[in-house]
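# Fold and contact review
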Amino acid sequence: MNTAEVAPGGTLRVGLNYQNFLLVSGDGADGEPRGVAPDVARELARRLGLSIEWLRFDTAGKLFDAVKAADCDVGFLGSEPQRASEVAFTGAYLEIPVTFLVPAGSTIAVIAEVDRKGVRVAVSERSAYDLYLSRNLKQAEIVRAPGIAASFDWFVERKLEALAGLKPKLVEENARIPGSRILDGQITSVQQAIAAPRGREVTARYLRDFVEDVKRSGFVALAIANNGVKGVNVAS
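Everything in this summary refers to the structure shown in the same document. (Residues numbered from 1 in each chain as written. Predicted model: local features only at pLDDT ≥ 70, side-chain atom pairs only at ≥ 80, totals over all residues. Heavy atoms only, no water.)

## Details of the packing of aromatic side chains
Keep this limit in mind: Two aromatic rings from Phe, Tyr or Trp, using only the six-membered ring of Trp, form a pair when their centres are within 6.5 Å; if the ring planes differ by under 30 degrees the pair is stacked, by over 60 it is edge-to-face, and anything between is tilted. Runs of H or I in DSSP of at least four residues are treated as helices and runs of E of at least two as strands, each being numbered from the N terminus. Think of it in three bands: residues with accessible area under 20% of the maximum for their type are buried, residues over 50% are exposed, and the middle band is partly exposed, with areas taken using a 1.4 Å probe on protein chains only. A ring has a charge above it when a Lys NZ or an Arg CZ is no more than 6 Å from the ring centre and no more than 35 degrees off the ring normal.
A complete count under the given rule lists one aromatic pair for this structure. Residues F76 and Y93 carry aromatic rings whose centres are separated by 6.0 Å and whose planes lie at 75° to one another, so their mutual orientation is edge-to-face. Placement of the pair is F76 in strand β5 (residues 74-79) and Y93 in the loop between β6 (87-89) and β7 (94-102), with a sequence separation of 17 residues. Residue F76 is classed as buried on the basis of its relative accessible area of 2%. In this structure Y93 comes out as buried when scored by relative accessible area, which is 0%. The ring centre of W154 lies 3.7 Å from the NZ or CZ of R158, which sits over that ring. A cation over a ring is seen here: K169 above F21, with NZ or CZ 5.1 Å from the ring centre.

Shown next, in the form of structure tokens:
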């Protein structure tokens, strides 16, 4: 593999979304990122024989913008059709289910009842599930908050009818609100993948093969287990 195309600057610039606690659990005492995505990134850099420069983002939207602008060589990001028209994605290496949380006393019993007039749904703006809901909700109003924490705060403070989110995170929020309920099933699942700037076709092919290999070899499953992450699956 010609590493000059993957990392034109000679160092692999890896973009991480620190808002997604399932993939990035923060930095260790040594200042190095911890989590499934950093572990996969380290394996990628090891195979390429490159050192890593970590680029930290607090939202998925900002990370996407950086990959699109080629400010990152690779970004660990949810794969969505709207994004795929502007960056090159691998197949998914990990899946995270998405559903809704409703407050105590809500008359909403199932996911299908969320999409109706008068229902306001809090989401983290420009998240993969915001993009999905923007395409699929026809009657409910989407209320976009600047980040996952803010979407929860707005849901509570504005007394909104539903909160969309990654199911493992909603389990935590459910425990914070007595009487609230997580709706059964899932809206969709966020397909976590590796993105590269458009135009680097050799890089894109290499990354796609890399992702399939780390899934097949059990590396991703081991990274999930080693980081104690619950509620996610190795992508099929």
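## Some remarks on the packing of helix α2 (residues 36-48) against helix α8 (residues 201-216)
Our working definition: The axes are straight lines fitted to the C-alpha atoms, using for helices just the contacting stretch, and the angles between their N-to-C directions are given from 0 to 180°. Roughly parallel means an angle under 35 degrees; roughly antiparallel means over 145; roughly perpendicular covers 65 to 115; every other angle is labelled oblique. Two helices cross in a left-handed way if the nearer one is turned anticlockwise from the farther one by less than a right angle. They cross in a right-handed way if the turn is clockwise. Residues are treated as being in contact if the distance between any of their heavy atoms lies within 4.5 Å.
Their axes nearest at 11 Å, the elements α2 and α8 cross at an angle of 120°. By the angle between their directions, the pair α2 and α8 is classed as oblique. Here the hand of the crossing between α2 and α8 comes out right-handed. Listed contacts from α8 to V40, E43, L44, R47 and L48 of α2 are Y206, L207, F210, D213 and V214.

## Here we look at the environment of S134
Cut-off, in case you're wondering: In the analysis that follows, any N or O atom pair within 3.5 Å is treated as a polar contact, provided that within protein one partner can donate a hydrogen and the other can accept it, and provided that, for residues neighboring in sequence, both atoms belong to side chains.
Here S134 lies in helix α5 (residues 128-136). In this structure S134 comes out as partly exposed when scored by relative accessible area, which is 35%. When residues no more than four places from it in sequence are discounted, the contact partners of S134 are I142 and R144. Within the structure, S134 has its side chain in polar contact with the side chain of R144 (distance 2.7 Å).

## Overview of the pattern of salt bridges
Working definition: two side chains of opposite charge can pair if their charged atoms are close together. To keep it simple, the criterion reads: The salt bridge criterion pairs a side-chain nitrogen of Lys or Arg with a carboxyl oxygen of Asp or Glu, the two atoms within 4 Å.
Counted according to the given criterion, the structure contains 19 salt bridges. R200 serves as the salt-bridge partner of D73, at 3.1 Å between the closest nitrogen and oxygen. Residue D73 is located in the loop between α3 (60-68) and β5, and its partner R200 is located in the loop between β12 (188-197) and α8; the two are separated by 127 residues in the primary sequence. With a relative accessible area of 13%, R200 lands in the buried category.

## Quick look at the environment of G28
When you line up the elements, G28 lands in the loop between β2 (26-27) and β3 (33-34). Classification of G28 as partly exposed rests on a relative accessible area of 23%.

## Here we look at unusual backbone geometry
Although it is not a glycine, A70 sits at a positive phi angle of roughly 65°. Locating A70 in the fold gives a position in the loop between α3 and β5. On the basis of relative accessible area, A70 is assigned to the partly exposed category, the value being 26%. Positive phi is not limited to glycine here, since R126 has a value of about 65°. Inspection of the secondary structure assignment puts R126 in the loop between β8 (120-124) and α5. On the basis of relative accessibility, which here comes to 37%, the residue R126 falls in the partly exposed class.

## Quick word on the nonpolar core
Our working rule: We define the nonpolar core as a collection of buried residues of types Ala, Val, Leu, Ile, Met, Phe, Trp, Tyr and Cys that are connected through side-chain atoms lying within 4.5 Å of one another.
Of all hydrophobic cores here, the largest spans 55 residues; its most connected members are L12, F76, Y93, F100, V121, L133 and I194. Element by element, the count of residues in this core is highest for α2, at seven residues. Residues contacting I194, with those up to four places away along its chain left out, are V40, V74, G75, F76, A88, F89, T90, Y93, L207, F210 and V211. Grouped together as the second largest cluster of nonpolar side chains are 13 residues, F57, F64, C72 and F89 included.

## Describing helix α9 (residues 219-226)
Residues spaced three or four apart along an α-helix point in a common direction, a consequence of the helix completing one turn every 3.6 residues. Counted only if it meets this: Taken from the helix axis, the directions to the C-beta atoms give the arc we talk about.
Listed in full, the buried residues belonging to α9 are V220, A223 and I224. Down the axis, α9 shows its buried residues gathered within 100° of arc, on one side only. Those residues of α9 that are exposed and angled more than 90 degrees off the buried face are A225 and N226. For α9, the secondary structure elements touched by its buried residues are α2, β7, α8 and β13 (233-234). Just past α9, the residue G228 takes up positive phi, approximately 65°.

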